[in-house]
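Analysis of the macromolecular model
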Amino acid sequence: MKEQLKDVMVKEYNALKELLESLDKQHELYLKNDIFQLEDIVKTMESNNRAIAGLEVERRKITGANSMNALIKSFKDEEMENNYRNIKKLLEEIKVQKESNELLFRQGLVFTSKVLNIFSPNKNLKTYNSLGRMGK
């Protein structure tokens, strides 16, 4: 069980590393405004996510209902502890990069919406009614 878990953890670390690289590539492509490559990187990220999910299922079959933290402590294996720590650190990096990318995309959408509003403003004049609410 211990060796199987180590093997799955190494595979999971490698898969997470690939996902982080894909997120970094997505960030870079967005800054370069390369739309077609962005579409391709989304497919790559989806396959990375499927691989990670498969490894997660495999890991849960091995560990059962036990928590990873408790198992790592019970094995008292330094290599396994390091792998677990590295996986957790990598997950935090992935989370930060994902949030950064989402923020960039949201800012781009807000900017695009404002530019579109400049070119085609709302024709209806907004006025206040007797209750102080905005009316058309």
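We now turn to the structure provided with this report. Keep in mind the model is a prediction, meaning the values are calculated, not measured.

Cut-off values and rules
Residues numbered from 1 in each chain as written. Predicted model: local features only at pLDDT ≥ 70, side-chain atom pairs only at ≥ 80, totals over all residues. Heavy atoms only, no water. Helix = DSSP H or I, 4+ residues; strand = E, 2+ residues; numbered from the N terminus. Rg over C-alpha atoms; globule rule 2.2 N^0.38 Å. Buried < 20%, exposed > 50% of the residue type's maximum accessible area, 1.4 Å probe, protein only. Contact = heavy atoms within 4.5 Å. Areas by Shrake-Rupley, 256 points an atom, 1.4 Å probe, with all protein chains shown as cover. Lys, Arg positive; Asp, Glu negative; His and termini not counted. Charge placed at Lys NZ, Arg CZ, Asp CG, Glu CD. Expected span 1.5 Å × (residues − 1). Core = buried A, V, L, I, M, F, W, Y, C linked by side-chain atoms within 4.5 Å. Phe/Tyr/Trp six-rings, centres within 6.5 Å; stacked < 30°, edge-to-face > 60°.

From N to C terminus, the protein includes four helices and two strands. Element order for the protein, N to C, with α for helix and β for strand: α-α-α-α-β-β. Here the protein has a C-alpha radius of gyration of 23 Å; the compact-globule value for 136 residues is 14 Å, and the former is much larger. Once the C-alpha set of the protein is aligned to its principal axes, its extents read approximately 70 × 40 × 20 Å. Taken over 136 residues, the protein has a buried fraction of 27%. Nonlocal contacts in the protein, meaning residues at least 24 apart in sequence, comprise 72% of its contacts between residues at least 6 apart. Within the structure as shown, the protein displays about 10000 Å² of accessible surface, and the carbon and sulfur contribution to it stands at 55%. Taken together, the 24 basic and 21 acidic charged side chains of the protein have centroids lying 10 Å from each other.

Turning our attention to helix α2 (residues 35-63). An α-helical turn contains 3.6 residues, so any two residues separated by three or four positions project in the same direction. With 29 residues, α2 extends 42 Å between its outermost C-alpha atoms, agreeing within 8% with the 42 Å of an ideal straight helix rising 1.5 Å per residue. On its buried side, α2 packs onto α1 (2-32), α3 (68-75) and α4 (78-119). Where α2 terminates, the next one or two residues include Gly-64, which has phi positive at roughly 70 degrees.

Residues Leu-5, Met-9, Leu-16, Leu-19, Met-68, Ile-72 and Ile-94 are the most contacted members of the largest nonpolar core, which totals 19 residues. Secondary structure elements with two or more residues in this core: α1, α2, α3 and α4. The greatest single-element share of this core, amounting to eight residues, is contributed by α1. Those residues in contact with Met-9 that lie beyond four places of it in its chain are Met-68, Ile-72, Met-80, Asn-83, Tyr-84 and Ile-87.

Even without glycine at this site, Asn-33 takes up a positive phi of about 60 degrees. Mapped onto the elements, Asn-33 comes out in the loop between α1 and α2. The exposed category is assigned to Asn-33, whose relative accessible area is 59%. With a phi close to 55 degrees, Lys-76 is a non-glycine residue in the positive phi region.

Under the counting rule described, the total for this entry stands at one aromatic pair. With 4.6 Å between their ring centres and 75 degrees between their planes, Tyr-30 and Phe-105 make a pair best called edge-to-face. Within this pair, whereas Tyr-30 is found in helix α1, its partner Phe-105 is found in helix α4, the two being separated by 75 residues in sequence.

Within the secondary structure, Arg-59 sits in helix α2. Exposure remark for Arg-59: the relative accessible area of 11% places this residue in the buried category. Leave out the neighbours within four places in its chain, and Arg-59 touches Leu-5, Val-8, Glu-12 and Met-68.

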